[in-house]
2 protein chains.
Amino acid sequence: MKMANSSRRASCGLDFCSVPDIRGSLQGASEAGYDFTCFPIVHPRFKREFISGKSKERPGAFTRSDLILAGSDWNNLIVGKLSPYIDVDSEDPVVRKESEEALNQELAYASHLGLPAVMFTLRRDNQTNLARILHNKMQAGSTYQIWLHLPMESPAIAASYYHSDEEDFRRLHGGSEMNTWEWWNKFRSVCNFEKRLGLALEVTPDIPSDEEVARWMGEPIKCLVLSTTLFATNKKGYPVLLRPHQNLIKSLATLDVQVVIRGAIMHGCSKYYQQYLDHLWQNTSHTDPLVAYARGYEDYLQCPLQPLMDNLESQTYEVFEKDPVKYNEYQRAIYGALLDMIMYEEKDSKVAVVMVVGAGRGPLVRAALNAAQKADRKIKVYAVEKNPNAVVTLQAQQEEFWGDQVTVVSCDMRDWNSPEKADILVSELLGSFGDNELSPECLDGAQKFLKDDGISIPCSYTSYLCPVQSSKLYNEVRLCKEKDKHALNHFETPYVVHLQNRFQLAPTQPLFTFFHPNKDAVRDNTRYKCLSFKISQNCVLHGFSGYFDTVLYKNIILSIVPETHSRGMFSWFPIFFPIREPLQLRSGDELEVHFWRLCSKKNVWYEWSITKPIPVPVHNPNGRSYTIGL
Amino acid sequence: MKMANSSRRASCGLDFCSVPDIRGSLQGASEAGYDFTCFPIVHPRFKREFISGKSKERPGAFTRSDLILAGSDWNNLIVGKLSPYIDVDSEDPVVRKESEEALNQELAYASHLGLPAVMFTLRRDNQTNLARILHNKMQAGSTYQIWLHLPMESPAIAASYYHSDEEDFRRLHGGSEMNTWEWWNKFRSVCNFEKRLGLALEVTPDIPSDEEVARWMGEPIKCLVLSTTLFATNKKGYPVLLRPHQNLIKSLATLDVQVVIRGAIMHGCSKYYQQYLDHLWQNTSHTDPLVAYARGYEDYLQCPLQPLMDNLESQTYEVFEKDPVKYNEYQRAIYGALLDMIMYEEKDSKVAVVMVVGAGRGPLVRAALNAAQKADRKIKVYAVEKNPNAVVTLQAQQEEFWGDQVTVVSCDMRDWNSPEKADILVSELLGSFGDNELSPECLDGAQKFLKDDGISIPCSYTSYLCPVQSSKLYNEVRLCKEKDKHALNHFETPYVVHLQNRFQLAPTQPLFTFFHPNKDAVRDNTRYKCLSFKISQNCVLHGFSGYFDTVLYKNIILSIVPETHSRGMFSWFPIFFPIREPLQLRSGDELEVHFWRLCSKKNVWYEWSITKPIPVPVHNPNGRSYTIGL
């Protein structure tokens, strides 16, 4: 059983209701191309005896022996299913007690066998005792994952489509008792969002609304369960899914999910289902360079770079220089600025002074030189760089290619005394959140050597914020806890992360904007803003994703905001601001969030808080957990 | 300035709007009997200059020098008031920036002077930036308390009583923008329930509903602010409060609050207000032995006793033996049982065997002997006690007073092999939550030497639960964090505590009941129950208070449940089960809480969880933070 699926093959499992011959079943599934199987942990026949209370008197074993299969088969190929009659939340205390014993016995056996996962079907809302017991097993160090098997849409809601009673319909859709996401949400919340608790999501004949599907996309789906009845038969007699199901599964396939086929084989042989799913999977591969670049980084937390305090490494420069979009757009911006600045008539007499501040290994110098050549304008370039290691690369290029046209300056732009003033100041100091790598402070410093009518490229940038649900990210952040730091440190730090397994709770909104050059009498780079998001369905807030866009020059824009993302640009992943505790939100709620950008003489940092629907303490007060060093 | 008020004197402060002569004002207040004064930190005249932006250019100091008073006066007698024009939440960025500077300046000066508290009047709802700034100062280690001055009832609501527009009235009362408790709740939540943030609660001419007053009683009220306009004049010309205000202030006086008198002196001299309040305070003293016994223990957290695992100390026995109610009721119960058990005709022939299990230093032995004498029945007493130190006391009394009628047995009741069977089994093994000192397990063990028709005193007990709001307790629990333990350890442990500064969110409900002797085929002392509480106004849940009552025999009952508390009995304080994070609740919410009593071979423990209105993770899974040793 493959627990992670980074290739473009579908990892498929085959479900069995009962298994008279476990070796034969396993071999058959394997020959049909399946990667794993789902078997009941205990023989269904054992049920009657247990319910009657005689299980303890029964002679012999309560299930098959572990010797039937090799240990590695148990560990890799078998998902164990709990007996469906287990009901530890029964109103009847005898059934409850019996069920608790049966559950303990089956879970202990799953542990004994070393099964990778245990699956249980949730049939109704109130399963708090079950949630507690499973949570406690996970807390006590059980090794298996727990897959909660649930339909995407509750059977009761599906049935209601055939009713004419409008009120009934509304009640079913509005009430948490009927919505299976609500079942799941209550269950996993009682289980404290335990990382090893995942979803085995049954794809239903009726597909819920796009919004509801999007909400499922923010959940830890371990596998999709497909009933064979979901498949139609094509002209050649092979099983195929209808278009809406195809699309649904393709979009879910972008998450790291596996598939389980369950039910009677209705198309001759089980292998045809597996082959069809493999075919679907191969068609989900993307050609976007961002997707290719980001593979393997999905939902992986990185600490934001601090290029001002730390020097970047050669490899980091190399990766970012390969961006197919960014430097093209810079070149277009410089090109446009040069044409606006120097009339055709002056092209041979006038020389524009271009200062690249934070030149790194030179991509913006190249962009400037290319732009000048293309525009047929004369320029003189200063390449200012504080990292002495990158300066080595700059100087080598200067000697070999650029000659007198370029002057390399090994200096922090805030300290440099320029010999002349610039017409154009070019920089790429932006982080995932725009200002979070201290572009405002750096450019304020560099502004003193820009002519009064000079141009800054970029001339402005804006950060954006979006509320996000993601159990995955919440768990990743929770794991970042460090011993010697403040207990909340990891919840008060933003992370750079390629967001995948998440649900955006509302449209993205702009937050802070900075303009360059800054002509204010007193330059103030602190900011404070309150944003209000309208929540359209019940959900859980785990934090905020952050983005930016920037106007390089006039209409030339770079953006990582989802709605306007520059296609193919991979230089920036989004940023993620967590919150201390998941916040349950309800449809219709107004989510009011406050963000501050604060500055001291040494540092810049963000603080954030929520005041609606529920007030939440200030995060990162005084920058106690995270600051950006000046 | 007295920061704690355990005596029955009112600690009074006098408020000044402006203070031309600070020494004179202070001396005057002191001579009038006041304990402290409230002065503006900065002279009001400084305002105009600051707003105009010229404050930095102003020559000379921005306020009076610290040399005017002795350091100890600043430290003890002066509450500093922030300038009323400070508005760091202004929509106007210039006003906001200016206000931030003014606020920082005044707070820094308050720190410099070492003032014990800083007071600020909250005039509207949205003060998130102010909350952040004050929270951050407290986080950074400011030494002063912050008193938020707020009216009990918003002026807008008070005004609305005179409106005829019903809809308007409802809107004002329902909307959080108008209710001052909502202002406070948002503010202190953003401030993370910071312990040094307290309330200076202005008593308004109109008193809010009883429910709202009760909710204020769960808040950290540092002082009550009384305007002189609130006072009427009695026949002799002295200031007095009207009856409703008297009652309100008397009930608030049970909390550890001070009083501030503000406004123009309208009754000749300020000392009359102080004298009147002292008079009110003296009339709040109680005669209930529980209150006298509990003084000094208000809201003080204690770890529950574990008398089964640990041996109690002599002093502990001594305190509990003084309870004026408990042993009387036990004696009445034994008396009743003896009369029922031995007919008058048998009174000389029949001897009832009474076993006191857990006899301690003998109070129940004495109760049994007294009951027998009073009932004119013959008894033989076995006094079984596992604590060898208490056995010393038992044996001394046996030799000196009791003689052959009493046999002292130095043994754990669960291990004892009794020479004969008992007619009556008497025990006092109950904790604040009934079964939490493992009475069920002990009596199950002792039951083997009770005759089939024997009587257990007590014959049953029931635990009770009530949802509670209390910033005070939340902060006390938060401070219990221990370094080497699980991060949530202190939030998953129940505490025994004399609850004072709290608000009960709903009526108390029964939870688990145990009966003795237990005649079930298989004795099972695990329990699981789900309770549902109806929430009638917006509030914050910090945990659950727990109580118990017990039927000793027939209609003889002991109870610490607030609604039925045995008057004068002080042997048990309530228990408090915290929750991990404060939970904001809204009027109309259903609060659904799950409680489990779980047992292993070594331990008994509770787990708890909430599923409505918002699901909350299981507390104390597997007893990881708290168990009771068998």
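Conventions used here
- Residues numbered from 1 in each chain as written.
- Chains lettered and ligands numbered in written order.
- Predicted model: local features only at pLDDT ≥ 70, side-chain atom pairs only at ≥ 80, totals over all residues.
- Heavy atoms only, no water.
- Least-squares fit on C-alpha atoms with pLDDT ≥ 70 in both.
- Contact = heavy atoms within 4.5 Å.
- UniProt positions renumbered as here; feature names shortened; annotations may be inferred.
- Helix = DSSP H or I, 4+ residues; strand = E, 2+ residues; numbered from the N terminus.
- Buried < 20%, exposed > 50% of the residue type's maximum accessible area, 1.4 Å probe, protein only.
- Core = buried A, V, L, I, M, F, W, Y, C linked by side-chain atoms within 4.5 Å.
- Domains from an automatic or database assignment.
- Arc of directions from axis to C-beta.
- Pairing = 2+ DSSP bridges.
- Axes fitted to C-alpha atoms, helices over the stretch in contact; angles between N-to-C directions.
- Polar contact = N/O pair within 3.5 Å; in protein donor to acceptor, adjacent residues only side chain to side chain.
- pLDDT = per-residue confidence, 0-100.

**Details of the relation of the copies chain B and chain A**
Line of reasoning, step 1. With an axial shift of 0.0 Å and an RMSD of 0.1 Å, the rotation relating chain B to chain A amounts to 180 degrees. In the structure described here, the two chain copies are related by an operation that fits a two-fold rotation axis.
Line of reasoning, step 2. Looking at chain B, 100% of its interface residues are interface residues in chain A too, so the copies touch through the same face.

**Notes on the UniProt feature "active site" (unreviewed entry) in chain A**
Residue and element names in this part refer to chain A.
Line of reasoning, step 1. In the numbering used here, UniProt assigns the "active site" (unreviewed entry) feature to Glu428 and Glu437.
Line of reasoning, step 2. When you line up the elements, Glu428 lands in the loop between β14 (422-427) and α17 (439-446).
Line of reasoning, step 3. Residue class for Glu428 comes out buried when judged on its relative accessible area of 19%.
Line of reasoning, step 4. Along the chain, the position of Glu437 falls in the loop between β14 and α17.
Line of reasoning, step 5. If we skip the residues at most four places from it in the chain, Glu437 touches Leu305, Pro307, Leu429, Leu430 and Gly431.

**Quick look at the nonpolar core**
Note on soluble globular proteins: their nonpolar side chains tend to be buried together.
Line of reasoning, step 1. Ranked by internal contacts, the top residues of the largest apolar core, which has 183 residues, are Leu226 and Ile457 of chain B.
Line of reasoning, step 2. Per element, the largest residue contribution to this core is 8 residues, and it comes from strand β21 (residues 539-553) of chain B.
Line of reasoning, step 3. Sequence-distant contacts of Ile457 of chain B, that is, excluding residues within four places in its chain, are made with Tyr330, Ala333, Ile334, Ala337, Ile424, Leu425, Val426, Ser427, Leu552 and Tyr553 of chain B.
Line of reasoning, step 4. Among the nonpolar cores identified, the runner-up in size contains 182 residues, and Leu197, Ala359, Ala368 and Phe548 of chain A belong to it.

**Remarks on the domain arrangement of chain A**
Line of reasoning, step 1. Structurally, chain A comprises domain 1 (12-285), domain 2 (314-428) and domain 3 (460-629).
Line of reasoning, step 2. Inter-centroid distance (C-alpha atoms) of domain 1 of chain A to domain 2 of chain A is 59 Å.

**What to know about helix α10 (residues 243-253) of chain A**
Line of reasoning, step 1. Within the span of α10 of chain A, buried status applies to His245, Gln246, Leu248, Ile249, Leu252 and Ala253 of chain A. Down the axis of α10 of chain A, the sector holding all buried residues measures 165 degrees, keeping them to one side.

**A short note on the sheet that holds strand β13 (residues 406-410) of chain A**
Residues and elements named next belong to chain A.
Line of reasoning, step 1. Taken in spatial order, the 5 strands of this open sheet run β13-β12-β11-β14-β15, and their pairing is parallel. The sheet terminates laterally at β13 and β15 (450-457), the two strands that pair on one side only. Looking at each pair of strands side by side, their axes are set apart by 25 degrees on average, direction ignored.
Line of reasoning, step 2. As judged from the 5 bridges shared by strand β12 (residues 378-385) and β13, these two strands associate in the parallel manner.

**Describing the environment of His542 of chain B**
All names here are of chain B.
Line of reasoning, step 1. Relative to the helices and strands, His542 resides in strand β21.
Line of reasoning, step 2. Contact partners of His542, with chain neighbours within four places excluded, come to Phe193, Val468, Gln469, Ser470, Ser471, Tyr474, Phe576, Pro578, Ile579 and Pro582.
Line of reasoning, step 3. For His542, the side chain forms a polar contact with the main-chain nitrogen of Ser470, separated by 2.8 Å.

**Concerning the confidence of the model for chain A**
The predicted coordinates ought not to be read in detail in places where the model reports low pLDDT.
Residue and element names in this part refer to chain A.
Line of reasoning, step 1. Residue-level pLDDT values for chain A average 90, and 92% of them are 70 or greater.
Line of reasoning, step 2. Long-range and interchain partners of residues 1-6, a stretch whose pLDDT sits below 50, account for 21 contacts in this model, where long-range means more than four residues apart.
Line of reasoning, step 3. With pTM at 0.91, the complex prediction returns an ipTM value of 0.87.

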